[in-house]
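A closer look at the structure
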Amino acid sequence: MSIQVAEISKTFAGVTVLDRVSLDFPTGQLVALLGPSGCGKTTLLRVIAGLETADAGRVILEGEDASSTHVRERQVGFVFQHYALFRHMTVFENVAFGLRVQPRKQRPKEPEIRRRVMRLLELVQMAWLADRFPQQLSGGQRQRIALARALAVEPRVLLLDEPFGALDAQVRKELRRWLRALHDDLHVTSIFVTHDQEEALEVADRVVLMNRGRVEQVGTPDEVYEHPASPFVYGFLGAANVFHGRVEGANVRVGGATLNHDGSNADHGAEVVAFVRPHELDIVTDLAAPNGLDATVRRVLAFGGSARVELDSVEAVKAGAEPIHYEVVLPRERAVALVQGQRVRLVPAPLRVFRNEAA
Amino acid sequence: MASAAAILPATGHAREGRYENNAATRERPWVRALILTLALSFFVLFLLLPLVVVFHQALAKGWGTAAAAVTDPDALAAVRLTLLAAGIAVPLNLVFGVSAAWAIARFEFRGKQVLSTLIDLPFSVSPVIAGLIYVLIFGAQGWFGSWFIEHDIKIVFAVPGIVLATIFVTFPFVARELIPLMQAQGRDDEEAATVLGATGLQTFWRVTLPNIKWGLLYGTILCNARAMGEFGAVSVVSGHIRGETNTMPLHVEILYNEYNFAAAFAVASLLAMLALVTLALKSWVEWQANRVVTQKEAMVRK
């Protein structure tokens, strides 16, 4: 089922949490709402579910305005960050809950309930735990049960609020892959909230980036990662080196250094913020190399195949200011040749530039 | 006042022993002996001894006298009235308590702080004053006194007054027990139930109530103990009419003032037994609540 939200606004005690948010969630897709904590993503999810009422705007489910429909009648499945399993019920009864509370006329007969619950438990690979209580399960198992419980009522949409937020890193990765596979089987329109960019990029068909109650960008994981629409998106989607400078033709002038830019959004003479990812920078020991920036090596972190090098800018230190930090990812062999305190030159790939709104 | 901690899962059991047996954290023997002696002698002197005295005095003139005192028509009337007052006050406060706790723990509304403070009022006001308030409002010289007299309704110095006073005094027990418990549990379970299609009533019976079951029982037991034992507030509104408006605690006082010590202590021993039953029930509830949790945890560790 398709979901649309139109001009949704919400304030809590004077703080604007959602600021005229309009979005389209097409049928059958798995969409990630991604943003830092406090950006409004969970509130938006709860508004769609009906657990929160928007101050203004509409929620449209399958073309019908559902803004005033009760949570009960919206037929959404909701998965909570802390599972919210009923602790006094067995796994089986938890999953059966949604069926047992249906009005008598619609309620399936007992054998039918048994059949459906066991089928769902098999789907989430938890059938052998049917008689256990939630306290006896691990976090990952609990979240799978919560998902089975949400699916039991055959929801038209599945909403997941930081579903892996309370799990440890290993289980998280495993469940991520599992959720993707499950979605490929079921094709229920799904929205999940996360603050983990890796999770969003890895799992979702589309990513919605939110910041301070507004939508910053919507697109496929490739689109948002390769073509970030704003400095916020660039910075949020991964580690980034930031430069402040002025556009001079095909170059950006950053202090005394001249660096290339990629030609987008770069009007001559404009004050800009420029970005480059750690793997797009090269470290050159030849201090006379053109198009580079002077820096000193601060730390070399060599674990595994690639190494991370942390550096300080030279220019800022000379000017008596706090040093600006840079981060570069290099193949291990090249990184271990560097010594702490060594003067080097940083040569970036063409920078992505954004007009500096603050300047 | 009863704390919620008593009912919340006690997970520290296993660790307590370790702490005691660890040489690095253990106190010196004479410190332990001193603290234990202090606590035990206080307990014997102020709690155990009076309890023993009550039963000893009750039986001082033999079982026959004690039995006669307890089966005296006035005594039986007092027992009946106490049971009646508790029988009305406890269920009502159960309903009030759950509603108040529900409202405070689950909803944001104007005046929530005020309501929360008001719930504690019966604890902070002297019971005698609580009784006086009812006399002032419903008594013959009170605000509504003449109206009640015209309609031939008796509240003060009659059974309704006693019930009202009991309700007032025992109001906070259930609510105070539930509020911290419900706040700690949060709203997630109920929201989950609603999203799954449960109506408000279904959510309450199937999710909320099982979650607060032990806390509710605990609060009810304490509420009942206080309802049956209340003296001050009831004393003011009762009028001490023998066989009509005397509750058990009031009956004990009257007998005592008449130098009828054996009979007074015989009735008092009934109240003392009630206290013992309450204690036993309370321990059982705590034990059950903990057992449910530790059992499930133990199974996880397997």
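Residues numbered from 1 in each chain as written. Chains lettered and ligands numbered in written order. Predicted model: local features only at pLDDT ≥ 70, side-chain atom pairs only at ≥ 80, totals over all residues. Heavy atoms only, no water.

1. Remarks on the side chain of threonine 278 of chain B
Residues and elements named next belong to chain B. Its place among the elements puts threonine 278 in helix 14 (residues 261–301). In this structure threonine 278 comes out as buried when scored by relative accessible area, which is 10%. The residues touching threonine 278, leaving out its near neighbours within four places in the chain, are Ile221 and Ala225. (Helix = DSSP H or I, 4+ residues; strand = E, 2+ residues; numbered from the N terminus. Buried < 20%, exposed > 50% of the residue type's maximum accessible area, 1.4 Å probe, protein only. Contact = heavy atoms within 4.5 Å.)

2. Quick notes on the interface of chain A and chain B
The interface is formed by 26 residues belonging to chain A together with 21 residues belonging to chain B. Taken together, the connections running from chain A to chain B amount to two salt bridges. Among the salt bridges present, the one from aspartate 189 of chain B reaches arginine 87 of chain A, with a minimum N-O distance of 3.2 Å. Where chain A packs against chain B, one counts six residue pairs in polar contact (both at pLDDT 80 or more). For the side of chain A that touches chain B, the secondary-structure elements that each account for two or more residues are strand 6 (76–79), helix 2 (91–100) and helix 4 (139–152) of chain A. Of the residues that constitute the side of chain A that touches chain B, the class distribution is 14 nonpolar, seven polar and five charged. (Salt bridge = Lys/Arg side-chain N within 4 Å of Asp/Glu carboxyl O. Polar contact = N/O pair within 3.5 Å; in protein donor to acceptor, adjacent residues only side chain to side chain. Nonpolar A, V, L, I, M, F, W, Y, C, P; charged D, E, K, R; others polar.)

3. Some thoughts on the packing of helix 2 of chain A against helix 4 of chain A
Residues and elements named next belong to chain A. With their axes 7 Å apart at the nearest point, helix 2 and helix 4 run at an angle of 25° to one another. The orientation of helix 2 with respect to helix 4, classified from their angle, is roughly parallel. Judged by the sense of rotation from one axis to the other, the crossing of helix 2 with helix 4 is right-handed. The residues of helix 4 that touch helix 2, namely those facing Val91, Asn94, Val95 and Leu99, are Ile145, Ala148, Arg149 and Ala152. Residues that form the contact of helix 2 with helix 4 fall into these classes: six nonpolar, one polar and one charged. (Axes fitted to C-alpha atoms, helices over the stretch in contact; angles between N-to-C directions. Parallel < 35°, antiparallel > 145°, perpendicular 65-115°, else oblique. Left-handed = near helix turned anticlockwise from the far one by under 90°.)

4. Notes on the pattern of salt bridges
Residue and element names in this part refer to chain A. Per the counting criterion, the structure on display carries 37 salt bridges over all chains. The closest approach of N and O atoms between glutamate 112 and arginine 115, which form a salt bridge, is 3.3 Å. Note that glutamate 112 and arginine 115 are positioned in helix 3 (residues 110–123) at a spacing of three residues, about one turn of the helix. A cluster of three or more residues bridged by salt bridges with shared partners is formed by Arg172, Arg176, Asp196, Glu198, Glu199 and Glu202.

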